[in-house]
Amino acid sequence: DWSPASIIDEQVARIREQIGEDEVICGLSGGVDSAVAAALVQRAVGERLTCVFVDHGLLRQDERRQVEEDYVKATGVRLVTVDAREQFLSELAGVTDPETKRKIIGREFIRVFESTAASLVEESKHDSVPGEIKFLVQGTLYPDVVESGGGSGTANIKSHHNVGGLPEDMTFELVEPLRALFKDEVRAIGRELGVPEVIVARQPFPGPGLGIRIIGEVTQDRLDLLREADAIVREELTAAGLDAQIWQCPVVLLADVRSVGVQGDGRTYGHPIVLRPVSSEDAMTADWTRLPYDVVARISNRITNEVEGVNRVVLDVTSKPPGTIEWE
Ligand code: XMP
């Protein structure tokens with residue numbers, strides 16, 4: 001019997017059994033998966049859950065405020081925000097290989113969770129909190145496991161930050177109540193749990209964030225540029241009423257590619273931005289979304305006019321397979 005209510009009952013019982021009387025932390029990204037995982041764990045263990053939001057500097061505009069406002073207001077969960085921007089940027093310096101980036105990001109997430117867990121224990125020494133926080137909640141879904149090579153007989157396509165990207169010396173015991181589920185099932189469970197619609201309906205955004213949408217080395221300037229372009233794309237797609245028709249629309253900066261343009265008074269030698277709108281049921285396969293050309297034109301005009309350093313916008317017209325949704 002598959003109903004959101006029965007999955008919730010089953011998972012809540014499992015979580016209680018696994019965690020016992022211990023404390024637990026959960027990485028919250030602002031996305032659907034971690035929000036629903038946290039809501040399940042909160043239902044199971046209540047106050048013994050602390051959520052951790054890591055600002056790794058690879059976020060889109062406004063992401064941090066959304067978590068703090070939308071999620072915390074709706075659930076009343078305890079939230080710790082960690083500014084780890086310098087840490088991630090310095091670990092990513094000089095790195096261009098996609099899998100290396102993914103592993104560094106996965107590892108640094110865990111390092112932040114470890115130090116946060118240690119300081120939570122330190123702060124609450126006088127309370128009855130146990131001497132250690134050993135459980136970490138992750139919103140891992142079935143497709144994350146499959147793509148990271150964890151499904152039976154499947155190849156490693158890319159290491160999702162919360163599966164194949166975890167460091168070997170990690171000592172956390174993972175709590176992953178969504179590991180057998182697809183995104184549409186997770187959304188149904190989230191709605192049943194009362195997670196706000198603004199979160200449940202959000203389009204997917206990968207944990208490694210803009211770090212895997214800069215093709216080339218990740219630097220502060222490139223992140224700022226991409227954040228600006230991404231915000232324009234999201235604004236225009238929303239204004240055109242297209243959000244519900246699109247699974248997600250990665251915006252990618254080809255940082256190692258330059259082309260000649262003519263802007264304002266003369267020649268430019270800038271970078272292309274790629275639009276990757278896709279339609280999908282579960283992200284395992286996808287088709288490129290046939291966006292109305294006038295919307296594409298508006299996005300292109302705005303990006304080339306408003307984002308300094310970009311002189312070309314291109315549209316990705318590849319399905320999955322053969323292309324994956326993200327470029328790295
Ligand atoms: P791909 O690029 O593999 O993406 O076709 C499939 C879906 O997964 C998202 N994605 C990730 N999500 N951590 C995540 O939380 C990751 O490391 C990761 N890599 C890809 C991607 O945005 C798409 O929705």
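Note that the structure is a prediction, hence the values are computed from the model and not measured. (Residues numbered from 1 in each chain as written. Predicted model: local features only at pLDDT ≥ 70, side-chain atom pairs only at ≥ 80, totals over all residues.)

1. Structural notes on the UniProt feature "binding site: ATP" (unreviewed entry) in the protein chain
What UniProt calls "binding site: ATP" (unreviewed entry) maps, in this numbering, to Ser-29, Gly-30, Gly-31, Val-32, Asp-33, Ser-34 and Ala-35. Under the C-beta neighbour-count criterion, Val-32 is labelled buried, with 23 such atoms within 10 Å. The contacts of Val-32, once residues within four sequence positions are left out, are Lys-183, Val-186, Arg-187, Gly-190, Ile-199, Val-200 and Arg-202. Relative to the helices and strands, Ala-35 resides in helix H2 (residues 32–45). (UniProt positions renumbered as here; feature names shortened; annotations may be inferred. Buried ≥ 20, exposed ≤ 12 C-beta atoms within 10 Å, placed from the backbone. Contact = placed C-beta atoms within 7 Å. Helix = DSSP H or I, 4+ residues; strand = E, 2+ residues; numbered from the N terminus.)

2. Here's the deal with the sheet that holds strand S2 (residues 49–55)
The sheet built from 5 strands is open, its strands ordered S3-S2-S1-S4-S5 with parallel pairing. This sheet does not close on itself; its edge strands, each paired only once, are strand S3 (78–83) and strand S5 (173–175). Neighbouring strand axes in the sheet, compared pairwise and without regard to direction, differ in orientation by 30° on average. Taken together, the 3 bridges between strand S1 (residues 24–28) and strand S4 (residues 135–137) define a ladder with parallel strand orientation. Counterpart to Cys-26 in the pairing with S4 is Val-137. (Pairing = 2+ DSSP bridges. Axes fitted to C-alpha atoms, helices over the stretch in contact; angles between N-to-C directions.)

3. What to know about the pairing of S2
Burial analysis of S2 places 5 of its 7 residues in the buried class, the great majority of the element. As defined by bridge partners, S1 adjoins S2 across 5 bridges and the pair is classed as parallel. For Ile-25, the partnering residue across the bridge sits in S2 and is Thr-50. With H2 bridging S1 and the parallel S2, this β-α-β connection has right-handed handedness. Inspection of the sheet shows S2 paired to S3 by 6 bridges, in the parallel sense. Bridge pairing links Val-54 to Val-82 in S3. Note that the unit made of S2, helix H3 (residues 63–75) and S3 has a crossover that is right-handed. (Right-handed = clockwise from strand over helix to strand, strands pointing away.)

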